[in-house]
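If you want the building blocks of each chain, they are given just below.
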Amino acid sequence: MASQDRPERVLADLLALLAIADQAILLQERAEAVLQACTDPGESVQSVAREGTRVAGEYQRLWNWSLDFAPTAGDGSLERRLSDLVLLHFQMLHVAVRLAFPRQATPGAFRSVRAVEDLAPWVAELRSVRDQLNLWITALTPSR
């Protein structure tokens, strides 16, 4: 956050980023289910692709919003790390669905997404960033 920002504006932006982090964490279960379904041969191509596109779209929307609430955040900042993690979730889902269900594929080309099926390390880092945002908000919130 820029140092010339008013404290109440900084706090409002941090609260918005915290809400974005919470929403991204809530999407984890659906994202994991999509990634798993991309590797299961019995899954319906259309339903998995549709759900994957929806979940990826939610992550993309959250990423765009994160940039709105921290437009001047520098590389390495907590705000930018949150944006980067949400973008990573979007990209992983997007790529997994495209690899699992290509529009034109040779026989046997499906289900080649094993390398991107585990979001656990990224979710753990997302939770850590969320906790750090919460601490920052607590430090900025005047006690009553």
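Here, every reference points to the structure presented above.
Below is a summary of the structure that appears in this document.

What counts as what
Starting afresh in each chain, residues are numbered from 1 along the sequence in its written order. pLDDT decides what is reported in this predicted model: residues at 70 or higher carry local features, side-chain atom pairs at 80 or more are listed and counted, and totals for whole chains, interfaces and linings draw on all residues regardless. Water and hydrogen atoms play no part in the side-chain values, which are based on all heavy atoms of the structure. Where helices and strands are cited, they refer to DSSP runs of H or I of at least four residues and of E of at least two residues respectively, numbered from the N terminus. For every residue, the accessible area (1.4 Å probe, protein chains only) is compared with the maximum for its type, and the residue is labelled buried under 20%, exposed over 50%, or partly exposed between those bounds. Here, residues are in contact when the closest pair of their heavy atoms is within 4.5 Å. Each helix should span, by expectation, one fewer than its residue count multiplied by 1.5 Å. Buried Ala, Val, Leu, Ile, Met, Phe, Trp, Tyr and Cys residues that are joined via side-chain atoms within 4.5 Å together make up what is termed a nonpolar core. Fitting a line to C-alpha atoms yields each axis, with helices limited to the stretch in contact; the angle taken between N-to-C directions then spans 0 to 180 degrees. Note: crossing handedness is left-handed where the near helix turns anticlockwise from the far helix by less than a right angle, and right-handed where it turns clockwise. Nonpolar residues are Ala, Val, Leu, Ile, Met, Phe, Trp, Tyr, Cys and Pro. Charged residues are Asp, Glu, Lys and Arg, and all others, Gly as well, are polar. Roughly parallel refers to an angle under 35 degrees, roughly antiparallel to one over 145, roughly perpendicular to one between 65 and 115, and oblique to any angle outside these ranges. By salt bridge we mean one thing: a side-chain nitrogen of Lys or Arg within 4 Å of a carboxyl oxygen of Asp or Glu. For this analysis, a polar contact is any N or O atom pair within 3.5 Å, provided that within protein one partner can donate a hydrogen and the other can accept it, and provided that sequence-adjacent residues contribute only side-chain to side-chain pairs.

**Topic: the overall build of the chain**
Alright, step 1. Counting secondary structure elements, the chain contains five helices and zero strands.
Alright, step 2. In the chain, the succession of α and β elements from N to C terminus is α-α-α-α-α.
Alright, step 3. Across the 144 residues in the chain, those meeting the buried criterion constitute 39%.
Alright, step 4. A separation of at least 24 residues holds for 79% of the contacts in the chain among residues at least 6 apart in sequence.

**What to know about helix H2 (residues 28–39)**
Alright, step 1. Between the first and last C-alpha of H2 there are 17 Å, a value that for 12 residues agrees with the 16 Å anticipated at 1.5 Å per step.
Alright, step 2. Against helix H1 (7–26), helix H3 (45–69), helix H4 (78–100) and helix H5 (120–140) lie the buried residues of H2.

**Digging into the nonpolar core**
Soluble globular proteins tend to bury their nonpolar side chains together.
Alright, step 1. Ranked by internal contacts, the top residues of the largest apolar core, which has 41 residues, are Leu-17, Cys-38, Tyr-59, Leu-82, Leu-93, Phe-101 and Leu-133.
Alright, step 2. Listing elements by their share of this core, those giving two or more residues are H1, H2, H3, H4 and H5.
Alright, step 3. Take this core: its biggest share by element is 11 residues, from H4.
Alright, step 4. Setting aside residues up to four positions removed in sequence, Leu-82 forms contacts with Leu-17, Ile-20, Ala-21, Leu-126, Val-129 and Leu-133.

**Topic: the packing of H2 against H3**
Alright, step 1. Where H2 contacts H3, the axes come no closer than 10 Å and their chain directions differ by 140°. In the packing of H2 onto H3, the handedness of the crossing is left-handed. Of the residues in H3, those touching H2 at Gln-28, Arg-30, Ala-31, Val-34, Ala-37 and Cys-38 are Val-48, Glu-51, Gly-52, Arg-54, Val-55 and Tyr-59.
Alright, step 2. Split by residue class, the contact of H2 with H3 holds seven nonpolar, two polar and three charged.

**Some thoughts on the packing of H4 against H5**
Alright, step 1. It is the contact of H4 with H5, at a shortest axis distance of 10 Å, that shows an interaxial angle of 150°. Between H4 and H5, the crossing angle belongs to the class labelled roughly antiparallel. You can see that H4 and H5 cross each other, and the crossing is left-handed. Contacts between H4 and H5 pair Leu-78, Glu-79, Arg-81, Leu-82, Leu-85, Leu-88, His-89 and Met-92 from the former with Trp-122, Val-123, Glu-125, Leu-126, Val-129, Gln-132, Leu-133 and Trp-136 from the latter.
Alright, step 2. Here the residues of the contact of H4 with H5 sort into 11 nonpolar, two polar and three charged.

**Some remarks on the pattern of salt bridges**
Alright, step 1. Counted under the stated rule, the structure contains eight salt bridges.
Alright, step 2. Across the pair Glu-51 and Arg-30 runs a salt bridge whose closest N-O atoms are separated by 2.8 Å. Of this pair, Glu-51 sits in helix H3 while Arg-30 sits in helix H2, placing them 21 residues apart in sequence.
Alright, step 3. On the accessibility criterion, Arg-30 (34% relative accessible area) is partly exposed.
Alright, step 4. One salt bridge connects Arg-130 with Asp-131, and the closest N-O pair in it is separated by 3.9 Å.
Alright, step 5. Each of the salt bridges in this network shares a partner with another, and the network as a whole consists of Asp-22, Arg-130 and Asp-131.

**Focus: the side chain of Gln-28**
Alright, step 1. As for its placement among the helices and strands, Gln-28 is situated in helix H2.
Alright, step 2. For Gln-28, the side chain forms a polar contact with the side chain of Arg-127, separated by 3.4 Å.
Alright, step 3. Excluding anything up to four places from it in sequence, Gln-28 contacts Tyr-59, Val-123 and Arg-127.

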